[in-house]
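# Inside the fold
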Amino acid sequence: MKYDMLLLRFGEFMLKGKNRARFEKTIITQVRSLLKPYPSASLRKEFGRLYVDLGNESYTDLIRVLKRVFGVMSISPVKVTPSERDAIVETSVAFMEERKHEFEGGMTFKVNARRVWKEFPHSSHEMNHMVGSPILRTFQDLSVDVREPDIELRVEIREQGTYIFNEVIPAVGGFPLGTNGKAMLLLSGGIDSPVAAWSSMRRGLEVECVHFYSYPFTSQRAKEKVIDLARALADHAGTIKLHLVPFTEIQTAFTQLGQDNLIITLMRRSMLRIATKLAERERALALITGDSLGQVASQTLPSMNVIGRATDLPLLRPLVMMDKQEIITLSKQIGTYDISILPYEDCCTLFVPKSPTTNPNLRIVDKIEATMTHLAAWVDEAVAKTETIVLHAGESVTGASSSDDSEIKEDWF
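Residues numbered from 1 in each chain as written. Predicted model: local features only at pLDDT ≥ 70, side-chain atom pairs only at ≥ 80, totals over all residues. Heavy atoms only, no water.

Attention shifts here to the overall build of the chain. Assigned secondary structure in the chain consists of 13 helices and 15 strands. When its C-alpha atoms are laid out on the principal axes, the chain stretches across 85 × 40 × 40 Å. Counting across all 413 residues of the chain, residues that qualify as buried make up 51%. Excluding contacts between residues fewer than 6 apart, the proportion of contacts in the chain whose partners are at least 24 apart in sequence is 79%. For the chain, the accessible surface area stands at approximately 19200 Å², while carbon and sulfur atoms represent 50% of it. Here the chain contributes 50 positive and 52 negative side-chain charges, whose respective centroids are spaced 5 Å apart. (Helix = DSSP H or I, 4+ residues; strand = E, 2+ residues; numbered from the N terminus. Buried < 20%, exposed > 50% of the residue type's maximum accessible area, 1.4 Å probe, protein only. Contact = heavy atoms within 4.5 Å. Areas by Shrake-Rupley, 256 points an atom, 1.4 Å probe, with all protein chains shown as cover. Lys, Arg positive; Asp, Glu negative; His and termini not counted. Charge placed at Lys NZ, Arg CZ, Asp CG, Glu CD.)

Across the sheet, 6 strands lie side by side as E14-E13-E10-E11-E12-E15; this open sheet has mixed pairing. Single-partner strands in this sheet number two, and they are strand E14 (315-316) and strand E15 (387-392). Here strand E10 (residues 182-186) runs beside strand E13 (residues 287-288); their pairing, made up of 2 bridges, is parallel. Paired with Leu185 across the two strands is Ile288, which belongs to E13. Packing against the sheet, helix H6 (residues 220-237) makes contact with strand E11 (206-213), strand E12 (239-246) and E15, and its axis sits at approximately 155° to E12. (Pairing = 2+ DSSP bridges. Axes fitted to C-alpha atoms, helices over the stretch in contact; angles between N-to-C directions.)

Of all residues in the chain, 91% have pLDDT values of 70 or greater, and the mean over the chain is 89. A low-confidence stretch, residues 397-413 stays under pLDDT 50, and its non-local contacts, those more than four residues away or across chains, total 66 contacts. (pLDDT = per-residue confidence, 0-100.)

Looking now at the pattern of salt bridges. Under the counting rule described, the total for this entry stands at 24 salt bridges. Residues Arg154 and Glu152 are paired through a salt bridge, measuring 3.8 Å at the closest nitrogen-oxygen approach. With relative accessibility at 22%, the residue Glu152 sits in the partly exposed group. For Glu369, the salt bridge identified is with Arg273, shortest N-O distance 2.7 Å. Separated by 96 residues along the polypeptide, Glu369 in helix H12 (residues 362-371) and Arg273 in helix H8 (residues 263-282) bring together distant segments of the chain. Accessibility expressed as a relative area gives 10% for Glu369, which makes it buried. With a relative accessible area of 22%, Arg273 lands in the partly exposed category. One connected set of salt bridges, linked through shared partners, spans Arg44, Glu46, Arg49, Asp53, Arg114, Glu156 and Arg158. (Salt bridge = Lys/Arg side-chain N within 4 Å of Asp/Glu carboxyl O.)

With that out of the way, let us pick up the packing of helix H5 (residues 192-202) against helix H10 (residues 324-334). For any two helices packed against each other, one specifies the crossing angle of their axes together with the interaxial distance. It is at 9 Å that the axes of H5 and H10 come closest, and there the two elements cross at 70°. Relative to H10, the element H5 lies roughly perpendicular. You can see that H5 and H10 cross each other, and the crossing is left-handed. Counting all contacts with H5, which are made through Asp192, Pro194, Val195, Trp198 and Ser199, the residues of H10 involved are Lys324, Ile327, Leu330, Ser331 and Ile334. (Parallel < 35°, antiparallel > 145°, perpendicular 65-115°, else oblique. Left-handed = near helix turned anticlockwise from the far one by under 90°.)

The subject of this paragraph is the pairing of strand E4 (residues 72-81). Counting buried positions along E4 gives 8 out of 10 residues, so the element sits mostly inside the fold. Of the pairings in the sheet, the one linking strand E1 (residues 5-10) to E4 comprises 6 bridges and is antiparallel in character. Within E4, the position partnered with Leu7 by the bridge is Ser76. The pairing of E4 with strand E9 (residues 169-170) spans 2 bridges and is antiparallel. Following the sheet pairing, Ser74 is matched in E9 by Pro170. Note: E4 against strand E8 (residues 161-165), 3 bridges, orientation antiparallel. Residue pairing for E8: Thr81 is matched across the bridge by Thr162.

According to the stated counting rule, one finds 7 aromatic pairs in the structure shown. Taking 4.8 Å as the distance between ring centres and 75° as the angle between the ring planes, the aromatic pair formed by Tyr3 and Tyr59 counts as edge-to-face. Taken together, the residues Tyr3 in the segment before E1 and Tyr59 in helix H2 (residues 59-66) connect sequence positions 56 residues apart. Overall, Tyr3 belongs to the buried group, its relative accessible area being 4%. For Tyr59, a relative accessible area of 23% translates into the label partly exposed. Seen from their ring centres, Tyr3 and Phe95 are 6.3 Å apart, and the 65° between their planes marks the pair as edge-to-face. With a gap of 92 residues between them, Tyr3 in the segment before E1 and Phe95 in helix H3 (residues 85-98) connect regions that are remote in the sequence. Taken together, the ring pairs connect Tyr3, Tyr59 and Phe95 into an aromatic cluster. Taking NZ or CZ as reference, Lys332 lies 4.9 Å from the ring centre of Tyr337, over its face. (Phe/Tyr/Trp six-rings, centres within 6.5 Å; stacked < 30°, edge-to-face > 60°. Lys NZ or Arg CZ within 6 Å of the ring centre and 35° of its normal.)

Attention now moves to the pairing of E12. Buried residues dominate E12, accounting for 6 of its 8 residues. As paired elements, E11 and E12 share 5 bridges and run parallel to each other. In the strand pairing of E12, Tyr213 is matched with Pro246. Taken together, the 6 bridges between E12 and E15 define a ladder with antiparallel strand orientation.

What follows is the structure, given as structure tokens:
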């Protein structure tokens, strides 16, 4: 079927009163950016909606791109006809004719007419009958069900034209990207943290990623894996910053303490300290992790409590009440699962003790860290040596510091 335009509906931010205009402006900017590769498509706005006039562009290609836009709740492909009774009836019957393969064998339908243009001479109720009767006569396999129809033909009568459609394709919803501030995500090579990033972006957060590497203990492929994960997230965000933090010195120091059961707790506390300094530098207001309650030893409630005390920033855990299968399902939907399961270790999987504590004692952890007189300096040094890569949707790496690149041959977290 050849459609004339796409109708984009906004999500929950429409309830936000005075902030709504700012949210709409953000979505319009993002949609315009995504339409650049489609030169014959154009954009226009009405209250609570966007319309994309297709021109000669493929509606399926545009839907695939636009349903990823955070803040867009649903999309409908639309036929447009003049706001005249005969034209509306004729186009509605033709619309159903092109879709008749979907209701062969007997299905139900109803017409849902809405007269937005009040000067149109027929009421919404009258148009339901005027459109529905010829459809019923034309298609013998159809019957009417006004409560739960298989097909709901929607007819919106406006002054500039009448819009006819029946599909409502779910989109990502949430808040427009960046409208709720910026946060720093701790990105590993696993399944959870990319899902936490996507979930945060869906709630309107601009996300920058922090990855910890420990050359020479892991491989170059592990580095490429994390960059690919960040690139997959950029396909949703448009652009992603990835901060690459050298963590070898701090991590190996923890292995020499003789406190193997606490090494994960100590390591993650240092990661939060480094991420906090990077957040302050980048003007981010929170940290994000992929923690899921009870999934591993560092994600029990006592562990999360002790680890979280290492930062004064809000620590967001979007997945905390999700089980593993829910997270895996979402990772497949957003396109990160196949990358996450590649068998390249990151520094979080190194030096893992046989019996890590699930109930660390904050007083003991503080005492151990107090004996590490160089820890604060190591944290500052890791921040100073952090490299930053900027990734764009569908593109390769666009820029990176090269100060220590010759040494980073084999690892990343």
